[in-house]
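Understanding the architecture of this molecule
Residues per chain, in single letters:
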Amino acid sequence: MAKASPQFTCTECGAAHKKWAGKCDACGAWNSIVEEAPLSTGPASKTLGAAKGRRIELSTLAADEAPPPRTRSGMTEFDRVLGGGLVPASAILVGGDPGIGKSTLLLQAVANFARSGLKCLYISGEEASAQVRMRAARLGLSEAPVQLGAETNLRNILTTLEAERPDLVVIDSIQTMWADMVEAAPGSVSQVRAAAHELVTFAKTRGVSVILVGHVTKEGQIAGPRVVEHMVDTVLYFEGERGHQFRILRAVKNRFGPASEIGVFEMTGAGLAEVANPSALFLSERGQAAPGSAVFAGIEGTRPVLTEIQALVAPSSLASPRRTVVGLDSGRVSTILAVLESRCGIPFTGLDVFLNVAGGMKVLEPAADLALAASLLSAREDVALPPDLVIFGEISLSAALRPVGQAENRLKEAEKLGFSQAVAPQGTKVEGGAGMRLRKLPDLVTFVGDMFGAG
Ligand code: TYD
Ligand code: MG
């Protein structure tokens, strides 16, 4: 048998490489490739043939299966991100930066599920039971019927789960789990993969839901949550900015519900509080009409959310001026700067550009293009936009404005928050007269003329 050659794996995305490289060409991360023992070296990896397998049962597509029964935790924001509650035997990954509040969120969620009648286990591989109990006391959850364990050995955990047969188990975190059949350090790609695989298989065969916590890692040796994304049914990321109390739980993949749904929370002294009206929260820091500020009427998952896009444009002393973008797609920003320059004749050469979404929110919808352009123009011309104006629409490379979906929902949310005028692309379909003054424009050039005088 040929000697197994060493294998190199990216700790960011899990891609396999033949040899070491400084940059992973699969995900673009630097210094993330490490050498790993090959996973399978047995004769099975040669050729299987049609010999020894068991014939599997096949069925037709037609089925009248009922939708899965869901259990709600009662935390509305959490339930919505799951797609309306927890599905039995599902595997969920909750990723996020260390210290963002994952353990806090899941302890609160698991306590609520336990109160709604599920048998729940919380296994901590990072903290001692006493520490988790202290957090529970701080959160006022000491009375919740959650069973708590502190363990990192996967074999012991699986044995316990087999005996207890809970409805839901939280594993905090997958990087601390250690499977003794894999010869690699805890946290390495092979360990994290093996542990996740065992836990997900257990979930599926025994009807237990598992929630895996995964830290987003910044450097080399520890595998990140992306390595297990493909194994689970639902991938949630818990995001937020340090120094801000807002936290956003975002579904990036969900086999049981809409992806890109968000739940908004606020970190308080007594744990995470749900934010029922995120638009009001994201706009709460808005001062009086300032140049560079534009309000975007967006859709996150199934619900409209208004956010403020802020731009600052200043003369640059650098040969290649700065383009600093927080909370928006920087590729999109470059495209819009190019469209403004070549189609509208408004150059940004020699100017530093800073863009930000207020409140630590991330806006990735193409519908934000027009609001983004508006904030750039408003900053560059030093002219404030009307404070009661919301904007949405996609910009094409020819500078035409393209209509986007759910216009009516966007306008209704804006109206609810006291906005009275909107700018949207021509062709935007609005049934009935929303109580807003809506201007529909064909292209960016018209918008510039309309808002800032002759462009
Ligand atoms: P934690 O849930 O431990 O983060 P993670 O599991 O993602 O690493 O949360 C850590 C932070 O949250 C810590 O800085 C303290 C803060 N926090 C509060 O502000 N209020 C609270 O009630 C709790 C429990 C934590
Ligand atoms: Mg934690």
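No experiment lies behind these values; they were computed from the predicted model shown. Here the residue numbering is sequential within each chain, running from 1 through the sequence in written order. Chains and ligands are labelled by the order in which they are written, letters from A for the one and numbers from 1 for the other. At least 70 in pLDDT is required for a residue's local features to be given in this predicted model, at least 80 for side-chain atom pairs to be given and counted, and no such filter applies to totals for whole chains, interfaces and linings, which use all residues. For the side-chain quantities, the full set of heavy atoms in the structure was used; hydrogens and water were omitted.

Below, the discussion takes up the sheet that holds strand E20 (residues 421-425). By the convention used here, strands pair only if DSSP detects at least 2 bridges between them. Helix numbers and strand numbers start at the N terminus; a helix is a DSSP run of H or I with at least 4 residues, a strand a run of E with at least 2. Taking strand neighbours across the sheet as the criterion, the seven strands line up as E15-E16-E14-E13-E17-E20-E21 in an open arrangement whose pairing is mixed. Two strands close off the open sheet at either side, each with one partner strand: strand E15 (323-326) and strand E21 (437-441). In this sheet, adjacent strand axes meet at a mean angle of 25 degrees when their direction is disregarded. A contact between two residues is defined here by any heavy atoms of the two lying within 4.5 Å. Here an angle of 0 to 180 degrees is reported between the N-to-C directions of two axes, which are lines fitted to C-alpha atoms, with helices fitted over the stretch in contact. Strands in contact with helix H8 (residues 369-381) are strand E13 (293-300), strand E14 (303-315), strand E16 (351-357), strand E17 (389-391) and E20; relative to E14, the strand with the most contacts, it is inclined by about 30 degrees.

Omega for the peptide link from Asp-172 to Ser-173 comes to 5 degrees, which places this bond in the cis form. By the element assignment, Ser-173 lies in the loop between strand E7 (168-172) and helix H5 (189-206). Its identity is not glycine, yet Ala-89 carries a phi of approximately 60 degrees, on the positive side. Note that Ala-89 resides in the loop between helix H1 (76-82) and strand E4 (91-96). Each residue gets one of three labels from its accessible area relative to the maximum for its type: buried under 20%, exposed over 50%, partly exposed in between, using a 1.4 Å probe on protein chains only. The exposure class of Ala-89 is buried, given its relative accessible area of 17%. Unusually for a residue other than glycine, Ala-399 sits at a positive phi of about 75 degrees. Within the element layout of this structure, Ala-399 appears in the loop between strand E18 (394-395) and strand E19 (401-402).

Parsing the protein chain into structural domains produces domain 1 (7-41), domain 2 (76-276) and domain 3 (281-452). Placing the centre of domain 1 and that of domain 3 at their C-alpha centroids yields a distance of 39 Å. Segment limits for the domains were obtained from an automatic or database-derived domain assignment.

All right, on to the layout of surface pockets then. Within this scheme a cavity is a closed region of a 1 Å grid, computed over the protein atoms alone, that accommodates a 1.4 Å probe without allowing it to escape, whereas a pocket is open but has protein on both sides within 12 Å along at least five of seven lines; lining residues each have an atom within 4 Å of a point. Grid points are joined across faces, edges and corners, and a volume is the space filled by probe spheres set on the points. Considering only enclosed or pocket space, the largest pocket measures out at about 440 Å³ in volume. Asp-97, Val-216, Tyr-237, Glu-239 and Lys-362 are, among the 22 residues lining the largest pocket, the residues nearest its centre. Where the lining of the largest pocket is concerned, the elements lending two or more residues are E4 and strand E9 (234-239). Here the element with the most residues in the lining of the largest pocket is E9; it accounts for three residues.

Looking now at the UniProt feature "binding site: ATP" (unreviewed entry) in the protein chain. Within this numbering scheme, the UniProt entry marks Gly-96, Asp-97, Pro-98, Gly-99, Ile-100, Gly-101, Lys-102 and Ser-103 as carrying the feature "binding site: ATP" (unreviewed entry). Here, the largest pocket is lined by Gly-96, Asp-97 and Ile-100 out of the annotated residues. Relative to the helices and strands, Gly-96 is located in strand E4. In this structure Gly-96 touches Lys-102, Gly-214, His-215, Val-216, Tyr-237 and Phe-238, once residues within four positions along its chain are discounted. UniProt positions are given in the numbering used here, feature names are shortened, and annotations may be inferred rather than shown by experiment.

A few words on the sheet that holds strand E6 (residues 146-150). Read across the open sheet, the nine strands follow the order E6-E5-E7-E8-E4-E9-E10-E11-E12; overall the sheet is mixed. At either end of the open sheet lies a strand with only one pairing partner, and these are E6 and strand E12 (271-274). Across this sheet, the average inter-strand angle for adjacent strands is 25 degrees, counted without regard to direction. Across four bridges, the pairing between E7 and strand E8 (residues 209-215) is parallel. Within the sheet, the bridge partner assigned to Ile-171 lies in E8 and is Leu-212.

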